[in-house]
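Residue-level listing of the chains:
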Amino acid sequence: MIDTYMTILPLAAAGAVEEAKDFVNGLDTLWVLLGAMLVFWMQPGFALVEAGMTRSKNTANILMKNFCDFMCGSVLYWILGFSIMYGAGSAFIGWEGFGFIGSDSNVPAECTFIFQTVFCATAATIVSGAMAERTKFSMYFVYSMLISAVIYPIEGHWSWGGGWLSEMGFHDFAGSTVVHLCGGALALAGAIVLGPRIGKYDKNGKSRAIPGHNLALCALGVFCLWVGWFGFNPCSTVAATGFANAVSMSHVFVTTNMAAATGGLAALVYTWVIDGKPSLSMVCNGVLAGLVGITAGCDCVSIGASAIIGVVTSLVMCASVAFIDKVCKIDDPVGAVSVHGVGGILGTILTGVFCDPKIDGVECTIGVQTLGAVAVAAFAFCAGMVIFLGIKYTHGLRCDRRIEEEGLDIYEHGEACYN
C-alpha cells in the first residue's frame, strides 16, 4: 500500500494547485474514499463483536470505548500521528510538523489522510477487547490516545513511511503487522498488566468460561468486519484506473474472501473434532483470523495460497486461544491476542513463503518478513508494558472490585444498554 504513497512529493510552491490538477485522478480518489468508508464500517463491527462476547452489564462501556477510539484517533492522528508516520525524517521516525496531512499524488492529500486515519483507529480498537470488563474508562481514554498519536505511527513509519523495514523489502500490503500485530501485541501487554476478570480462574488456577451475553451481536459484528475488509485490503491499491489496477484489486477481493471462508471452515472443523460440536464463537474468530492473516500478502499470493493462509492462521488461532487461557492464565475475553497478534505474525511470515512475483511484481523473503513482524511485535509489546505499568502504578488501570462485579455501565457512565 505505502509504496504508492511514497510517490507523494511536495509540490513546488509556484503553480502547485494547477500542477496537482494534472495528476489527481477522480476515479482513484473515489476508490480510496470508498475504502475509507468501508474501513470505518469495521468500527461498529468491532463494537458488536466485543459487546456480544462479554456480559451485558458492560455493554455501554464497550460501545463508548469504540466511539472514543475513533474520535481520539481522528483528532490525534491529525495533530501528531500522520506527521510521525509519513513525514520526512530518519529510518525510525518521521516528522513534518503538527497538523501535517501530506501532499497530493494520484489522489488529494486529504483523501490519503482520511484513509490512513481509519486504519489508525482500527489498531487502537483491537486492544479494547483483551482488556474488556475491568478497565477504568478514564485510563482507557489515556492509552487509546497514546496508541493513536505515538505507538502506531512510529512502527507504521518503519514499513509504510519509508523507514528501515521498507528499505529492507518488508511487504505488508494492508496491515497484518502494521495494524493487527501491533494491536495484538498491545492487547497482550494490557491483559497481562491488568490481570484476569474476577472469577475467571478458581483457586487452583483452572479456567472458567465466562460466556458472552449475545452471540447474535458477535456474529453480526463479524459480518460487518468481513464487509469492511473489502475496503481494508482491495482499496489499499489506492488506484482504480487502468488494466493493471483492475486486475490487482479484483485479485485482492478474491484472496481476501477466500482466506476468510477457509478460516471460518477450519475453525468449524477444529471445534467439531476437538469439542464434539461446532462453535459459533470460534467460527467467528476463525473468519477474522483468516482475514488478518491474508492482509499482508493479499496482493501477491495465489488464490490457493490464500486458502492455505486462512486455514493455517485459523487453526493456530484456535490452539492459541486455549494456550493463552489455560496455560498462560491470561484473560482475553474476545481472543484479540490470538486473532490479531498470532494471526498477524503468521500471515506476515506466510507472505514470504507464498509470495509470487508473477502476480503483482512483489518480491519478499521469509527472513525479512519474520524480522519485520518480530520487530513490530517487540516494540508494541514493550511500549504497551511501559504505558500500562505506568498507569497502573500512578492513577490505577483497573476499576474497583465492586464496579467490576456490578458492571461498568452504571458506575462509569450512569446508564446501561439493558434495563
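Residues numbered from 1 in each chain as written. Predicted model: local features only at pLDDT ≥ 70, side-chain atom pairs only at ≥ 80, totals over all residues. Heavy atoms only, no water.

A.B. asks: Now, about the packing of aromatic side chains: what can you tell me, with residues and values included?
C.D. replies: The description of an aromatic ring pair uses the distance of the two centres, along with the angle that the planes make with each other. In this structure the tally under the stated criterion is 20 aromatic pairs. With a centroid separation of 5.6 Å and an interplanar angle of 80°, the aromatic rings of phenylalanine 82 and phenylalanine 113 are classed as edge-to-face. Placement of the pair is phenylalanine 82 in helix H5 (residues 59-86) and phenylalanine 113 in helix H6 (residues 109-130), with a sequence separation of 31 residues. Through pairs of rings, three or more aromatic residues link up here, namely Tyr77, Phe82, Tyr86, Phe100, Phe113 and Tyr152. Lysine 65 extends its terminal NZ or CZ atom over the ring of tyrosine 140, reaching a point 5.1 Å from the ring centre. (Phe/Tyr/Trp six-rings, centres within 6.5 Å; stacked < 30°, edge-to-face > 60°. Helix = DSSP H or I, 4+ residues; strand = E, 2+ residues; numbered from the N terminus. Lys NZ or Arg CZ within 6 Å of the ring centre and 35° of its normal.)

A.B. asks: Explain the environment of glutamate 50 to me, using residue names and the numbers behind them.
C.D. replies: Locating glutamate 50 in the fold gives a position in helix H4 (residues 42-52). When the C-alpha atoms of glutamate 50 and isoleucine 62 are compared, they prove to be 7.1 Å apart, with 12 residues separating the residues in sequence. Contacts of glutamate 50, omitting those with residues within four sequence positions, involve Ile62, Lys65, Asn66, Ser128, Gly129, Ala132 and Val334. (Contact = heavy atoms within 4.5 Å.)

A.B. asks: Please give an account of unusual backbone geometry that cites residues and values.
C.D. replies: Positioned with a positive phi, glutamate 133 is a non-glycine residue whose angle comes to about 80°. In this structure, glutamate 133 sits in the loop between H6 and helix H7 (137-160).

A.B. asks: Tell me about the nonpolar core, and please be specific about residues and values.
C.D. replies: Counting residues in each nonpolar core, the largest one holds 104 residues, and the members touching the most others are Phe119, Tyr143, Tyr152, Phe388 and Leu397. Top element by residues in this core is H6. It accounts for 12 residues. Setting aside its immediate chain neighbours within four residues, tyrosine 143 contacts Val127, Met131, Thr135, Ile387, Phe388, Ile391 and Leu397. (Core = buried A, V, L, I, M, F, W, Y, C linked by side-chain atoms within 4.5 Å. Buried < 20%, exposed > 50% of the residue type's maximum accessible area, 1.4 Å probe, protein only.)

The values reported here are purely geometric and, on their own, carry no functional implication.
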